[in-house]
Amino acid sequence: MDYVVDTIRENPELAIFLTLAIGFAIGRVRIGTFTLGNVVGTLLAGVLVGQIGVEVHPLVKVVFFDLFLFATGYKVGPQFFRGLGRNAVAQGLLTVVLCVASLATTVAAARLMGYDSGTAAGLMAGAFTESTVIGTAGNTIARLDIPEAEKTRLLNNIPVAYAVSYLVGTGFVVWFLGSLAPRLLRVDLKAESRKLAEQVSGGGAEPAGTRPAHSGWDLRAYRVGTLAGRSVADVERAFAPARVFVVRLRRADRILEGTPDLVLEGGDVALFAARRHVLLAPPVPLGEELHDTELLDFPVAVLDVVLTAKALAGRTIGEVAEGHGRGVVLVRLVRAGEEIPFGPNTVLDRGDLLTIVGPQEDAERTGRAIGYVERPSSATDVVFVGLGILLGGLIGALTFRVGDVPLSLTASGGALIMGLVFGWLRSVRPTFGRIPEPALWVFDTLGLAVFIGVVGLQAGPTFVAGLRSTGPGLLVVGFLVAVTPHVAALLFGRYVLKMNPVILLGACAGAGTVTAALRAIQDEAESKLPVLGYTVPYAIGNILLTAWGPVVVMLTR
């Protein structure tokens, strides 16, 4: 055992990997529906391992923190800039109200309880599950003109307050938004979700509003009878407003593609693609149904397309399908990393990722019309990432003083801002700056975990003493700081902004950056629709709450 401990002390990188292993194992432990998650698990693991006295160079956590912040900005950049537009004013205002309320309640509680700036910063970071506050507040404390011993004490108080208030911030907020908030608003969330689903889908949604739009599509072959002499385009128009495609047909011993100008002849066997209910009760007689294995068996392309076309941004899926979607089916829509439910009336945004399925030629044509087709690749544009963090750091390092407190975005905050800009640029010009999902996961999840783990390692020797000094009162304060802003945002959104309750609850989860609460709201609603209110507030909330780190330090000194 002495050998293991001495080796870990002499090789601190081993302590980091041990912390990650233990932390992610703790994060998986489930008590009912509650889990600590990787972040708190890694922090606690770092505190535990840190008891043996491991010294890790501060540069390690800074590097990984910058990667995490850049990845965060990159993911939400398109939605952040969309939130500045007119179509998302209500969600943007709600987010500002919640985030300003979070700052006000944190500062008020810290002054009332006599907490120092380190404890106040940790309280905000934990109550709103916004780990970036640890970094931005810590960077500000490190630049204060105070004795080193005092800096160390303040910095070590951050993870103590964070660990305690995080448990409250996650557990109570998830319960509050998922269970209590609908009752406070006096709404039936399931019924409201069904109503919203009908609006989103143009009246054709499933009762829970959660089935993907491609379900029910079918391929069937029919011998051409009364349709003979009509072109493919004319036949397809006859089924309007239903979407029906003549994919291909057999003429004698030849297989022909169903181009719009192709004229059907008697005896042809045509392959139709449409929703099953349309084919079962067609408004136009299709003829005798046949089972033609060769006609039915053909390859289809599955393409991921980033919407970049200015003319299509802000238009509904139904409008885009009518103009450019012949022969293809939309099977998935992802916005800001979240898969969202959709229907003909769903409005598309720049940067949305659409997964379309159809014959190769049709899918490629539609992909070009929508924007940029993402080809499968595991390569990351490291030049893009490196320059983004460098430029962000140069901007963020600029400092101005308010009294004796130096204020700046910090280099890490600059990485977040430049991540927003570069993420937006990627959505507009997706020919460069690719970061595949697995790489983004490493930057995001592992970047934050290493940062939090090192924070725990550094705070380990003094963590228990700090926990004793704050006392159990921090739990009560954490509860009030976590819940009060959400109550204010709920009332403001419902009675001032007149927001739909399904969208409102999703927006509150996003503004408070509590993803676990979104899942609870979706479970309560039995629908994925709350995510429609989540993405824009999540993007704006990440920025505002991160920016509050230095502000909290300044206001609680």
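Cut-off values and rules
- Residues numbered from 1 in each chain as written.
- Predicted model: local features only at pLDDT ≥ 70, side-chain atom pairs only at ≥ 80, totals over all residues.
- Heavy atoms only, no water.
- Helix = DSSP H or I, 4+ residues; strand = E, 2+ residues; numbered from the N terminus.
- Buried < 20%, exposed > 50% of the residue type's maximum accessible area, 1.4 Å probe, protein only.
- Areas by Shrake-Rupley, 256 points an atom, 1.4 Å probe, with all protein chains shown as cover.
- Arc of directions from axis to C-beta.
- Contact = heavy atoms within 4.5 Å.
- Patch = residues over 30% accessible without salt bridge, like charges linked within 9 Å, V, L, I, M, F, W, Y side chains within 5 Å.
- Salt bridge = Lys/Arg side-chain N within 4 Å of Asp/Glu carboxyl O.
- Phe/Tyr/Trp six-rings, centres within 6.5 Å; stacked < 30°, edge-to-face > 60°.
- Pairing = 2+ DSSP bridges.
- Axes fitted to C-alpha atoms, helices over the stretch in contact; angles between N-to-C directions.
- Polar contact = N/O pair within 3.5 Å; in protein donor to acceptor, adjacent residues only side chain to side chain.

Let us now look at the overall build of the protein. If you tally the helices and strands in the protein, you get 21 helices and 14 strands. By the burial criterion, 55% of the 557 residues in the protein qualify as buried. Summed over its atoms, the accessible surface of the protein is roughly 24100 Å², and 61% of this surface lies on carbon and sulfur atoms.

Looking now at helix α13 (residues 317-324). Among all positions in α13, only I317, V320 and A321 are buried. One side of α13 carries all its buried residues, which in axial view fall inside an arc of 100°. Seen from the buried face of α13, the exposed residues on the opposite side, beyond 90 degrees, are E322 and G323. Its buried side turned inward, α13 meets β9 (329-335) and α14 (360-370).

On to a nonpolar patch on the surface, then. Judged by side-chain polarity, V383, L387, L390, L391 and L394 come together as a nonpolar surface patch covering roughly 470 Å² of accessible area. Mapped onto the fold, L391 is located in helix α15 (residues 382-396). The class of L391 is partly exposed, set by a relative accessible area of 38%.

Here we take up the packing of aromatic side chains. Following the criterion strictly, the structure yields 12 aromatic pairs and no others. Seen in terms of ring centroids, F65 and F451 are 4.2 Å apart; in terms of plane orientation they differ by 25°. Their pairing is stacked. Highlighted residues: F65 in helix α4 (residues 58-83) and F451 in helix α17 (residues 437-470), separated in sequence by 386 residues. Here F65 and F451 have matching classes, each one buried. Taking 6.3 Å as the distance between ring centres and 70° as the angle between the ring planes, the aromatic pair formed by F70 and F384 counts as edge-to-face. Of this pair, F70 sits in helix α4 while F384 sits in helix α15, and the two are 314 residues apart along the sequence. For the pair F70 and F384, a shared accessibility class is recorded, and that class is buried. A network of ring pairs unites the aromatic residues F70, Y74, F384, F422 and F432 as a single cluster.

Across a sheet, paired strands are connected by hydrogen bonds in the backbone, their directions being either parallel or antiparallel. The sheet built from five strands is open, its strands ordered β10-β9-β11-β8-β12 with antiparallel pairing. Edge positions in the sheet fall to β10 (338-339) and β12 (371-374), since each has one partner strand and no second. Two strands pair when backbone bridges link them, and β9 and β10 are joined in this way by two bridges, in the antiparallel orientation. What sits directly across from R335, in β10, is E338. Running at roughly 5° to strand β8 (residues 301-307), α14 makes contact with β8, β11 (353-358) and β12 of the sheet.

With that out of the way, let us pick up the side chain of T132. Position of T132 relative to the elements: it lies in helix α7 (residues 132-142). Once residues lying within four places of it in the same chain are set aside, the contact partners of T132 are F65, F68, L69 and T546.

Another aspect to go through is helix α6 (residues 117-127). Of all 11 residues that make up α6, 11 are buried, and the element is covered over most of its length. Among the residues of α6, S117, G118, T119, A120, A121, G122, L123, M124, A125, G126 and A127 are the ones counted as buried. Turning to α6, the residues buried within the fold contact α5 (89-113), α7, α8 (148-184), α18 (473-495) and α21 (535-555). The N-capping residue of α6, defined by a side-chain oxygen 3.0 Å from the backbone nitrogen of G118, is D116. Just downstream of α6 lies T129, where phi reads positive at about 45°.

Secondary-structure assignment places V357 in strand β11. You can call V357 partly exposed: its relative accessible area is 22%. The sequence separation of V357 and R332 amounts to 25 residues, and the corresponding C-alpha distance is 9.7 Å.

Read across the open sheet, the five strands follow the order β5-β4-β6-β3-β7; overall the sheet is antiparallel. Unpaired on one side and paired on the other, β5 (254-257) and β7 (288-290) mark the two borders of the sheet. Between one strand axis and the next, the sheet turns through 35° on average, direction left out of account. Inspection of the sheet shows strand β4 (residues 245-251) paired to strand β6 (residues 269-275) by five bridges, in the antiparallel sense. Within β6, the residue paired with R248 across the bridge is L271.

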